[in-house]
Amino acid sequence: MGVVKLFESVFSLDGKLATRNFAKGSRVYGEKLRIIDDVEYREWDPYRSKLAGAIRKGLKELAIKDGSEVLYLGASTGTTPSHVSDIVGEEGTVFCVEISATSMNQLLALSEKRENLIPILGDARKPDDYEEVGEVDVIYQDVAQPDQDDILIMNSEKFLKKDGVAYFCVKSQSIDVLKAPEKVFEEVKKKLEPYFEILQEIALEPYD
Ligand SMILES: C[S@@+](CC[C@H](N)C(=O)[O-])C[C@H]1O[C@@H](n2cnc3c(N)ncnc32)[C@H](O)[C@@H]1O
């Protein structure tokens, strides 16, 4: 059975993406668990997680590492946040901001098994409401809102380290259903350029 290391804590197991399970024995979304050489891994489905899809589509660098402090905006029920929690491990933290109280219940249950995952019921448009998060190495944003670029800028200004990295999932349909996606992406890029150096853009088809 082949274990290939793709990034510091991301592996390919016989061609399937996986992370080391931080909460041994527990699944989050029905994913398969595999034990190889006494290490338990969780398969990571690129059709369920945009970060896994991005890795599959050629992400060059993963700034989320062992010990990283991550602010995760739009955590939903924790599918991708759980893999981020696997990657940052004991020394890292994943602050998960989510606006839906229903999703928050599942995030709370997840945080009982994962001490490095901190659920925050809140609106990513109001970063003052969760300022206790402090400075972070990485922002991961997946909120699917028309003002998603403004949300990223305001959170980065408040929380992101000077040389920090942001992963930003842009859903063109959430910004403008009538405009061609390419046009929406161009406009978003223009808006972000004064604040960020854009390192890589990845189209997520066929995963998302
Ligand atoms: C596409 S889902 C996120 C999926 C998740 N990132 C994953 O990969 O497992 C988008 C989430 O953003 C949340 N959301 C939307 N607007 C928000 C806001 N203003 N603040 C915080 N969360 C928001 C939604 O409730 C939803 O759960």
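Right above here is the structure, for reference.
Below: a short report on this structure. Per chain, residue numbering runs from 1 following the sequence as it is written. Residue-level local features of this predicted model are given only where pLDDT is at least 70; pairs of side-chain atoms are given and counted only at 80 or more, and the full residue set underlies all totals for whole chains, interfaces and linings. Hydrogens and waters are ignored; side-chain quantities use all the structure's heavy atoms.

## A closer look at the pairing of strand β5 (residues 39–43)
Let me state the cut-off plainly: Relative accessible area decides the class of each residue, using a 1.4 Å probe on protein chains only: under 20% of the type maximum gives buried, over 50% gives exposed, and in between gives partly exposed. Numbering of helices and strands runs from the N terminus, with a helix taken as a DSSP run of H or I at least four residues long and a strand as a DSSP run of E at least two residues long. By definition, two strands form a pair when at least two bridges between them are found by DSSP.
Here β5 lies mainly inside the structure; four of its five residues are buried. By the bridge criterion, three bridges tie strand β3 (residues 16–20) to β5 in an arrangement that is antiparallel. Within the sheet, the bridge partner assigned to R20 lies in β5 and is Y41. When strand β4 (residues 33–36) meets β5, the two strands line up antiparallel, connected through four bridges. Pairing of I36 across the sheet is with V39, part of β5. What sits between β4 and β5 in their antiparallel hairpin is a turn of two residues, with D37 showing a positive phi close to 50°.

## Topic: the sheet that holds β3
Applicable threshold: Lines fitted to C-alpha atoms define the axes, with helix axes restricted to the stretch in contact, and inter-axis angles between N-to-C directions lie between 0 and 180 degrees.
Taken in spatial order, the five strands line up as β1-β2-β3-β5-β4 in an open sheet, and their pairing is antiparallel. Edge strands, defined here as strands with exactly one partner in the open sheet, are β1 (3–7) and β4. Recorded for the sheet is a direction-independent mean angle of 40° between the axes of neighbouring strands. In this sheet, strand β2 (residues 10–13) lies alongside β1 in antiparallel orientation, the contact comprising four bridges. Paired with V4 across the two strands is S12, which belongs to β2.

## Examining the environment of L108
Residue position: L108 is located in helix α3 (residues 101–113). Residues L108 and I118, spaced ten residues apart in sequence, show a C-alpha to C-alpha distance of 8.2 Å.

## A few points about the packing of aromatic side chains
Going by this rule: Each Phe, Tyr or Trp ring (for Trp, its six-membered ring) is paired with any other whose centre lies within 6.5 Å, and the angle between the two planes then decides the class: stacked below 30 degrees, edge-to-face above 60, tilted in between. Remark: a charge is flagged as sitting over a ring if the NZ atom of Lys or the CZ atom of Arg is within 6 Å of the ring centre and within 35 degrees of the ring normal.
With the rule as written, the count across this model stands at five aromatic pairs. Geometrically, the ring pair formed by Y47 and Y207 is edge-to-face, given 4.9 Å between the ring centres and 70° between the ring planes. You can see Y47 sitting in the loop between β5 and α1 (50–56) and its partner Y207 sitting in the segment after α6 (181–192), a full 160 residues away along the chain. By relative accessible area, which is 52% here, Y47 ends up exposed. By the ring-pair criterion, three or more aromatic residues cluster together here, those being Y72, Y140 and Y167. Residue placement shows K158 over the ring face of F159; its charged tip is 6.0 Å from the ring centre.

## Side note on the pattern of salt bridges
Rule in force here: We count a salt bridge whenever a side-chain nitrogen from Lys or Arg sits within 4 Å of a carboxyl oxygen from Asp or Glu.
All chains considered together, the criterion is met by 16 salt bridges. A salt bridge links K158 to D128; its shortest N-O distance comes to 3.1 Å. Here K158 is found in helix α4 (residues 148–159), whereas its partner D128 is found in the loop between β8 (117–121) and β9 (136–141), with 30 residues between them in sequence. Residue classification places K158 among the partly exposed residues on the basis of a relative accessible area of 34%. Close ionic contact of E187 with K183 constitutes a salt bridge, the shortest N to O distance being 3.2 Å. Of this pair, E187 and K183 both sit in helix α6, separated by four residues, roughly a single helical turn.

Read these as layout, nothing more, since geometry by itself doesn't imply function.
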